[in-house]
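Structural characterization, general
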Amino acid sequence: LWQQCLERLERQIPLEELNTWIRPLQLDGNGGERIRLTAPNDLVRDQVRQHYLEMMREFFAYHGFDREKVTIEVGSRSSEPRVEPSAEQRRGGAWGLDERYRFENFVLGKSNELAFAAAKQVANSPGTVYNPLLLYGSTGLGKTHLLHAAGRFIAEANPNAQVMYLHAEKFVSEMIQALRRDSIDAFKRRYRSVDTLLLDDIQFFAGKDRSQEEFFHTFNALLESRQQIILTCDRYPKEVDGIEARLRSRFGWGLTVSIEPPDFETRVAILQKKAAERELELSDDVTFLIARRMRSNVRDLEGALNSLIANARFSGRTIDVEYTQEILRDVLAVHDRLITIENIQKVVADYYQMRVADLLSRRRSRSIARPRQMAMYLAKELTEHSLPEIGNAFGGRDHTTVLHACRKIESLCESDGRLREEHARLTRELTS
Ligand code: ADP
Ligand code: MG
């Protein structure tokens, strides 16, 4: 009966909660008419009373028991309260993982192949190659996707592994709860007992000193026993203010990899893949239209596609260019407005600590010419403007000057790591 009850609850509450609060319970004799549950400690008892007891009463009532006779107390049956599961009891498990995010449905491109390769490698041999692995990049680029994919891969390859996915915000709120309930030890044990900890969006730790402190210790404990940690952050971790230096430096102990906004080819591939998953074939002109105009992130790309498909199905219209433009008019307009040449000039000037007027001037010193070329290149990459239009916007220059600038930056990006990083950062700033 208890097994059935667990199965029933499994459909009602997240697995993680089930594992934390319900599985530790024992059903003490259901021969009679009473259902007596025992909890290993006060904390579990209170949690269950507060959140799950009603559900369980529901279940037992359905099986002919009197709801009022379903009770929960702190365990007296086994004299020792159960603290840690024993070796045999300790079965593997995956907490908080989302089935939809897998390596197989992650579309690869230049912008994300490094992050993908690192995640895959870590998943192949957790705890040994890079620890921690930290993926960073702006929102909607697939960090969470890769985190879940790695977790899923590890859990499937090792049935005994305990894999836990967790958003940093949740870590913070659970820690606060644990402090309030005086159960910080249980909290600690819980996170230190997993084999792989996947912690999403660590920028949430900014300014939360106590959480950082707690995480710092968890982090060390996990690393020491070679448990794998994978983290994500929405920007380069050193740029997150309000994170303690010692924690920040620790983030960099393993491997830190960025995910960039996808380039045009990747955006096309993503659209095609997502359409195929929905059993839909998009014509090239529709795919190109969306991919050309929506540059910043995959989430928006996906959102646009979803709304297009939903609208088309609802109205029975075929998805052609005209219909796409009609449905996505507002979305596309926002994206167009976001990145203007003017905006690029301002961001580039800020970045290199110069004035926009310098970018537009005739001055040719290297310290001005290079940023100017960068700005032109970004304008070509990120807007729909033609070369003559861009030249015009840069103090009335010729289109061949713009072309030259683009080629120059492109080739420098191949050879010069620092410039490549500058380009990546500017792109990130402009597109997020
Ligand atoms: P982030 O965590 O970086 O903000 P997510 O991982 O939540 O981004 O990704 C947003 C959405 O885009 C998700 O639905 C995810 O599946 C999808 N996505 C992102 N990158 C890719 C990719 N390379 N291939 C397929 N889907 C992707
Ligand atoms: Mg995310």
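Details of the structure are given in the entry above.
Just so it is clear, the model here is predicted, and its values are computed rather than measured.

Parameters and conventions
- Residues numbered from 1 in each chain as written.
- Chains lettered and ligands numbered in written order.
- Predicted model: local features only at pLDDT ≥ 70, side-chain atom pairs only at ≥ 80, totals over all residues.
- Pairing = 2+ DSSP bridges.
- Helix = DSSP H or I, 4+ residues; strand = E, 2+ residues; numbered from the N terminus.
- Axes fitted to C-alpha atoms, helices over the stretch in contact; angles between N-to-C directions.
- Contact = placed C-beta atoms within 7 Å.
- Near = placed C-beta within 6 Å.
- Domains from an automatic or database assignment.

For the rest of this paragraph, the subject is the sheet that holds strand β6 (residues 162–167). Hydrogen bonds along the backbone pair up the strands of a sheet, which may run parallel or antiparallel. The 6 strands lie next to each other as β4-β6-β7-β8-β5-β9, forming an open sheet whose pairing is parallel. Looking at which strands have only one partner, the edges of the open sheet turn out to be β4 (93–95) and β9 (255–258). When strand polarity is set aside, the average angle formed by the axes of neighbouring strands in this sheet is 10°. Bridge count for strand β5 (residues 133–136) against β9 is 4 bridges, and the pairing is parallel. Among the inter-strand pairings, Tyr136 is bridged to a residue of β9, identified as Ser258.

On the basis of which strands lie adjacent, the open sheet formed by 3 strands has the order β1-β2-β3 and mixed pairing. Either end of the sheet is taken by a strand with one partner, and the two such strands are β1 (26–28) and β3 (70–74). The mean inter-strand angle of the sheet, taken between neighbouring strand axes irrespective of direction, is 35°. Note that β1 and strand β2 (residues 35–39) share 3 bridges and pair antiparallel. Bridge pairing in β2 links Leu27 to Leu37. Docked against the sheet, helix α3 (residues 42–62) engages β2 and β3, running at close to 165° with respect to β3.

If you check the shell around ligand 1, you find 16 residues, and the closest are Gly142, Lys143, Thr144, His145 and Val298. Among the secondary structure elements, those contributing two or more residues to the shell around ligand 1 are α5 (143–157) and α12 (298–315). Split by domain, the residues of the shell around ligand 1 number at least three in each of domain 2 (93–258) and domain 3 (264–337).

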